[in-house]
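# Overview (structure and organization)
Chain residues, written in single-letter form:
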Amino acid sequence: MRPSAGNERPPGRPVSGFVPGFAAGAPPPAAGASPFGAAAPLARPGGPAGPFAPPTQQQGPPVAQAAASPRGPFGAAPPAAMGGYRGPPPPQGSFGAGPPPPGPFSAAPPPQGPFGMAPPAQGPFGAAPPPSQGPFGATTPPSQGPIGAAPPPQGPFSATPTQGPFGATRPPQGPFGAVPSSQGPFGTAPPPFRPPPSALLQPQSPTGNTMPSPTYVRPPPVQSQPQPVQGYYPGGPNPQFPPSRPSFQQPMQNMPPPSMGPPSSYSNQPAYPTTGPPMGTLQTLVEDFQSLSVSSAPGSLDPGVDVNGLPRPLYGDEEPAKVLEAFPLNCHPRYFRLTTHTIPASQSLVSRWHLPLGAVVHPLAEAPDGEEVPVVNFGSAGVIRCRRCRTYINPYATFADAGRKWRCNLCTLLNDVPGEYFCALDASGRRFDADQRPELSKGTVEFVAPTEYMVRPPMPPSYFFLIDVSVSAVRSGLLEVVAKTIKSCLDDLLGFPRTQIGFLTFDSTLHFHNFKSSLSQPQMMVVADLDDVFLPLPDDLLVNLVDSRHVVESFLDNLPNMFQDNVNVESALGPALKAAFMVMGQIGGKLLVFQSTLPSLGIGRLRLRGDDVRAYGTDKEHILRIPEDPFYKQMAAEFTKNQIAVDIFSLSDKYCDIASLGSLAKYTGGQVYHYPSFQATTHGEKLKHELSRDLTRETAWESVMRIRCGKGVRFTTYHGHFMLRSTDLLALPAVDSDKAFAMQLSLEETLMTTQTVYFQVALLYTSSSGERRIRVHTAAAPVVTDLGEMYRQADTGAIVSVLARIAVENSLSDKLDSVRQQLQLKLVKSLKEYRNLYVVQHRIGGRLIYPESLRYLPLYILALCKSLALRGGYADVSLDERCAAGFSIMILPARRLLNFIYPSLYRLDEVLTVEPDMIDGALKRLPLTLQCLDTAGLYLLDDGFTFLVWLGRMLQPELMNDILGVSLSNFPDLSKDSVERM
């Protein structure tokens, strides 16, 4: 057995490997070259000398003194020869690596720092100084103790290489190893060695031991910053650092970093990096992030990270309300929000931003509390617009020539003011009536569009229902739930008294229904020819609801019984879509499709391709998530051209290829609803709620949307459910208050010449009342040259919304694992870039920092990677569920999207005894951690689409009997299954 060499790692100490040649700094000057000179770099045999030279092979037996010398309580024996760095030595004395005093501690050889004395050809860095020298060549007389007889001290800035600030031959050492004796307490040490690669934000040692996660604390004040500004501090406000924020338009000078991790137990991260950020693959960035230490300090009793101190988004989405303080004339952020509410002044800033530069638009969002969107009718003057860029008049337009001209804020063109719109100006050049005109004082306004904005008379709101009546729909109870829900919503349908309604049922044949107002009962006509579909009646298939109300109600009452004996298992969805197009083509409207089985007959039939486990992890994986038959995309294009939006309700207990059916909703501005293994007793209430919301929410019909922006920027990519009619015109047959859109922008110029960039969203649509209107949202953002200001004004909700849509689209052409890695890469690059802004100015060491505005971004990226649309592979989520989740992510506004990927968790058993009117105040949102779950508790998880009730194993039986009327003794043990599913 090999005898101990004296350098074995004590238990519990991390072991680091060695990465040759990684992030090597420039060689420091020779000792004595200046009063603050560093020690000479160690030699590397056969190659250039440098402080990161790899160790050489040991050519002879180890020095006997290293193994024979006993170890004192404050001394460390020299390390034996090894191929890489094996972690720090045991703790030193109060004065570091100085020679031990005579007495009981004199048996050990002179202690060493982590880069200290080793025999020749030993240690992690090759050749070492002679044994009589310190780690950096400073000779130590043997007769001196830590504060022994030494030459007279010369102060902390002594130029004598062998003296420290107290006259000692060896200066004190911190946890970061030996410091050259030529340096005072403010000297600059040579760049230390970096440990080996590790997992992102959760470093691991080469032995596989996982280190704790980072604890985010505020950095201590530095002398170069007499008035520090507080960043994010999860432990609560610190009275020593009062909050202070810079002006929105005035970038902070010498701003300290907001939040950072704790000091490392043994960090080799240089205080002043000598290299820039590596611009390589994810592995390269991970290797760089491995130097961020996340463990507690040596000798500390701190067990690690307190998860309660980590930032948690317990209040959901945080709208950037501070934007309105700097630009009070902007529209509310719930209508339009940028990923960062600043515009970079150059392409170089864009390349260092690393996160998407874009915006999220929610044109029909519900107005903030106490506000309404004002409606403006210009009358005979017509809508005031710029004659060159077609921008609508807005609060940022300026007036000149005594009010007879106005200057467009987007293209700077000077336009004439119509005589009917003229008003004099005050001394500051502002119109006297500006406060009385909403278009000049509000960021959001609606204009009544004149007749020139109409291609045809405004259409009436129309609803056409395409219902599958095959045996699976009958047995699941679908027909009964749909019929009762539609009947309950007839009084609340939009557009009364102009509303149009119609129905078509299908299985292996098509069933048309005549709703002529003179009939007492509807008439059903069956068309069995699926290859040549035709309409059996020219009229009365889509009728006015007011005129035929009694016939429609009679049909809904009889619908469940009409097909109760149906045993047909086939589905002719394709021919049914063509028939619906024939009925609605002249008017337009909304088509609601209820599908309970895979289309199997006629055009558009699909095969049972399902999930192929062999495809996952290969280049063919994404084929499962794209439409198999181009018929549905072609039909979507025809529907869009005729102003028909399609909503898909998939209620199958088997695979029904939502990837293909979803194309109908994707390109028509519709929505996909998925109910796996639908049963009316389980999913009936959910279907009733979502169908009622779909029929009664605010909707804009036959609409188009365009987003204009000022000089120097342009929108390049759009994400959502729409048909792109031109480079910047989005065709939306129907858009409602639950749909949002994302887009990315780029700079057209290398260097921006303007100080402010303006944006304007214009939605031209027909209201449910039959009026043609234009809803306009206007916003402004400053142009900045400071990258730190871009990060400080970042909007996490908008960033996650854009990233999520990009990830879903990338999953249609790439593997899921690659998509998740791309998200992580963007996060790592952005955090590293932000850290590089402050690592030199502030002695951060090995701690992770982030801007306060992005404190939740790592958590949301993790949640997004674990969402239904992106997580795992074959066995984690069924293919239909994954595709349905992807379609939902593409349309959700920022607030609902964040709640979807990071659901709300509430404990219910503690509020059951509270008065009903006090429940809202007593119900508190909990972090999604295992520590928050009590085995005796009752919890509710809400992601905006589904309620999940979690019952603790030790929950009181009386509580279950009172709430659900069931006994826990009759329930099987689902804990193992639940854990596997989670």
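Computed from a predicted model, the values in this text were never measured in an experiment. (Residues numbered from 1 in each chain as written. Predicted model: local features only at pLDDT ≥ 70, side-chain atom pairs only at ≥ 80, totals over all residues. Heavy atoms only, no water.)

### Concerning the overall build of the protein chain
The following threshold applies: Where helices and strands are cited, they refer to DSSP runs of H or I of at least four residues and of E of at least two residues respectively, numbered from the N terminus. For the exposure calls, accessible area comes from a 1.4 Å probe over protein chains only, and a residue counts as buried if that area is under 20% of its type's maximum, exposed if over 50%, partly exposed in between. By definition, residues are in contact when any of their heavy atoms lie within 4.5 Å. Accessible surface area values rest on a Shrake-Rupley calculation with a 1.4 Å probe, where residue burial reflects the displayed protein chains alone.
For the protein chain, the helix and strand inventory stands at 21 helices and 29 strands. Put simply, the protein chain has 982 residues, and 53% of those count as buried. In the protein chain, the share of contacts with a sequence separation of at least 24, taken over all contacts with a separation of at least 6, comes to 73%. On the protein chain, roughly 43200 Å² of surface is accessible, and the fraction owed to carbon and sulfur atoms is 55%.

### Observations regarding the sheet that holds strand 19 (residues 713-719)
So the rule is basically this: Two strands form a pair only when DSSP identifies at least two bridges running between them. Throughout, an axis means a line fitted to C-alpha atoms (over the contacting stretch in the case of helices), and angles, computed between N-to-C directions, take values from 0 to 180 degrees.
Taken together, four strands build an open sheet; the order of strands is 2-4-22-19 and the sheet is antiparallel. Edge positions in the sheet fall to strand 2 (336-338) and strand 19, since each has one partner strand and no second. Across the sheet, the mean angle separating the axes of adjacent strands is 25° when strand polarity is ignored. Helix 14 (residues 796-810) rests against strand 2, strand 4 (358-361), strand 19 and strand 22 (741-747) of the sheet, and its axis sits at about 95° to strand 22.

### Digging into the environment of F631
By secondary structure assignment, the location of F631 is in helix 10 (residues 631-641). A relative accessible area of 5% means that F631 is categorised as buried. Along the chain, F631 and G574 lie 57 residues apart, while their C-alpha atoms are 8.3 Å from each other. Leaving out residues up to four positions away in the same chain, F631 has contacts with G574, L577, K578, I603 and G604.

### Brief notes about a nonpolar patch on the surface
Note the cut-off: Patch membership requires more than 30% relative accessible area and the absence of a salt bridge. Residues of like charge join within 9 Å; the nonpolar side chains Val, Leu, Ile, Met, Phe, Trp and Tyr join within 5 Å. Think of a salt bridge as a Lys or Arg side-chain nitrogen and an Asp or Glu carboxyl oxygen that are within 4 Å of each other.
Together, L912, I963, L964 and V966 make up an exposed nonpolar region whose accessible area comes to about 310 Å². Note that I963 resides in helix 20 (residues 957-963). On the accessibility criterion, I963 (40% relative accessible area) is partly exposed.

### Section: the sheet that holds strand 28 (residues 938-942)
Pairing is antiparallel across the open sheet formed by four strands, whose spatial order is 27-26-28-29. Each having just a single partner strand, strand 27 (925-926) and strand 29 (947-951) make up the two edges of the open sheet. Across four bridges, the pairing between strand 26 (residues 904-907) and strand 28 is antiparallel. Among the inter-strand pairings, L905 is bridged to a residue of strand 28, identified as L941.

### Points about the packing of aromatic side chains
As a reminder, the rule being used: A pair of Phe, Tyr and Trp rings is counted when the ring centres sit within 6.5 Å of each other, with Trp represented by its six-membered ring. The angle between the planes then sorts it: under 30 degrees is stacked, over 60 is edge-to-face, the rest tilted.
For the structure shown, the criterion picks out 24 aromatic pairs. Taking the centre distance of 5.7 Å and the plane angle of 55° together, the rings of F503 and F515 count as tilted. One end of the pair, F503, is in strand 11 (residues 500-506); the other, F515, is in the loop between strand 12 (510-514) and strand 13 (523-527), and 12 residues separate them in sequence. Note on F515: relative accessible area 0%, which makes it buried. Aromatic pair F581 and F639: ring centres 5.8 Å apart, planes at 70°, arrangement edge-to-face.

### Focus on helix 16 (residues 857-865)
Taking burial as the measure, the nine residues of helix 16 include seven buried ones, the bulk of the element. When we look at burial in helix 16, the residues that qualify are L857, L859, Y860, I861, A863, L864 and C865. At its buried positions, helix 16 is contacted by helix 14, helix 15 (816-836) and helix 18 (894-901).

### A few points about the packing of helix 14 against helix 15
Here is the rule: The scheme is simple: roughly parallel for angles under 35 degrees, roughly antiparallel for over 145, roughly perpendicular for 65 to 115, oblique for anything else. In this scheme, a crossing is called left-handed if the near helix is turned counterclockwise away from the far one by less than a right angle; it is called right-handed if the turn is clockwise.
Where helix 14 contacts helix 15, the two axes come as close as 9 Å, and the packing angle between them is 150°. Taken together, the axes of helix 14 and helix 15 lie roughly antiparallel to each other. For the pair helix 14 and helix 15, the crossing hand works out as right-handed. Contact residues: helix 14 offers L803, A807 and N810, while helix 15 offers V819, Q822, L823 and K826.

### Considering the pairing of strand 29
As defined by bridge partners, strand 28 adjoins strand 29 across five bridges and the pair is classed as antiparallel. Paired with L938 across the bridge in strand 29 is L951. The turn joining strand 28 and strand 29, which pair antiparallel and follow one another in sequence, is formed by four residues; a positive phi near 90° is taken by G944.

### Some words on the packing of helix 7 (residues 478-489) against helix 8 (residues 549-562)
This is how the line gets drawn: Each residue gets one of three labels, nonpolar for Ala, Val, Leu, Ile, Met, Phe, Trp, Tyr, Cys and Pro, charged for Asp, Glu, Lys and Arg, and polar for the others, Gly among them.
Taken N-terminus to C-terminus, the directions of helix 7 and helix 8 make an angle of 160°; their axes are 8 Å apart at the nearest point. When the axis of helix 7 is compared with that of helix 8, the two are roughly antiparallel. Our pair here, helix 7 against helix 8, has a crossing hand that is left-handed. Contacts between helix 7 and helix 8 involve L479, E480, A483, I486 and K487 from the former and E553, L556, D557, L559 and P560 from the latter. The residue makeup of the contact of helix 7 with helix 8, split by class, is six nonpolar, no polar and four charged.

### Let's talk about the confidence of the model for the protein chain
So the rule is basically this: Confidence scores here are pLDDT values: one per residue, from the predictor, ranging 0 to 100.
Of all residues in the protein chain, 66% have pLDDT values of 70 or greater, and the mean over the chain is 76. Confidence over residues 291-304 falls short of pLDDT 50; this stretch has 37 contacts with residues more than four positions distant or in other chains. In this model, residues 976-982 is a region of pLDDT below 50 whose contacts with residues beyond four sequence positions or in other chains number one contact.

### Comments concerning the pattern of salt bridges
Counted according to the given criterion, the structure contains 41 salt bridges. Of the charged contacts, one joins K590 and D694 as a salt bridge, the two residues approaching to 3.4 Å between their closest N and O atoms. Taken together, the positions of K590 in strand 15 (residues 589-595) and D694 in helix 12 (residues 680-696) put the pair 104 residues apart, joining distant regions of the chain. Assigned by exposure class, K590 and D694 land together as buried. The shortest N-O distance in the salt bridge between D694 and R697 comes to 3.2 Å. The same class applies to D694 as to R697, namely buried. The network of salt bridges with common partners includes E366, K590, D647, R693, D694, R697, D736, D738 and K739.

### Focus on the pairing of strand 4
Alternating positions in strand 4 separate into two faces, G358 and V360 on one and A359 and V361 on the other, with burial throughout. Pairing of strand 2 with strand 4, which is carried by three bridges, proceeds in the antiparallel orientation. Paired with L338 across the bridge in strand 4 is A359. Judged from the four bridges that link them, strand 4 and strand 22 form a sheet pairing that is antiparallel. Across the sheet, the residue bridging to A359 is M743, located in strand 22.

### Examining the environment of L729
Summarising the element assignment, L729 is placed in strand 21 (residues 729-736). Separated by 23 residues in the primary sequence, L729 and R706 place their C-alpha atoms 5.0 Å from one another. With sequence-adjacent residues up to four places away left out, L729 is seen in contact with V704, M705, R706, M723 and L724.

### Details of the side chain of R907
Quick reminder of the rule: Nitrogen and oxygen atoms within 3.5 Å of one another constitute a polar contact, given that in protein one can donate a hydrogen and the other can accept it, and given that sequence-neighbouring residues count only through two side-chain atoms.
Here R907 lies in strand 26. The class for R907 is buried, based on a relative accessible area of 17%. Here D934 takes part through its side chain, which lies 3.4 Å from a polar atom of the side chain of R907.

### As for helix 18
Counting buried residues along helix 18, six of its eight residues qualify, which places the element largely inside the surrounding structure. Where helix 18 is concerned, the buried positions are A894, L897, L898, N899, F900 and I901.

### Some details on the nonpolar core
Burial of nonpolar side chains together is a common tendency in soluble globular proteins. Put simply, the rule reads: Within this scheme, the nonpolar core is defined by two criteria: the residues are buried Ala, Val, Leu, Ile, Met, Phe, Trp, Tyr or Cys, and they are joined through side-chain atoms within 4.5 Å. Each domain's extent is set by a domain assignment, obtained either automatically or from a database.
Ranked by size, the top nonpolar core spans 126 residues in total, and within it L466, L577, L591 and F759 carry the most contacts. Taken domain by domain, this core gets at least three of its residues from each of domain 1 (321-366 + 701-762 + 772-880) and domain 3 (462-697). L591 has contacts with F464, L466, L577, A580, M584, F639, I644, A645, V646 and D647, leaving out every residue within four places of it along the chain. By size, the runner-up hydrophobic cluster in this structure holds 41 residues, among which are Y463, F465, I467 and L478.

### Focus: unusual backbone geometry
Cis geometry marks the peptide bond from F496 to P497; its omega dihedral reads 5°. Mapped onto the elements of the fold, P497 is located in the loop between helix 7 and strand 11. Phi at H354 is positive, roughly 70°, even though this residue is not glycine. If you trace the backbone, H354 turns up in the loop between helix 4 (347-353) and strand 4.

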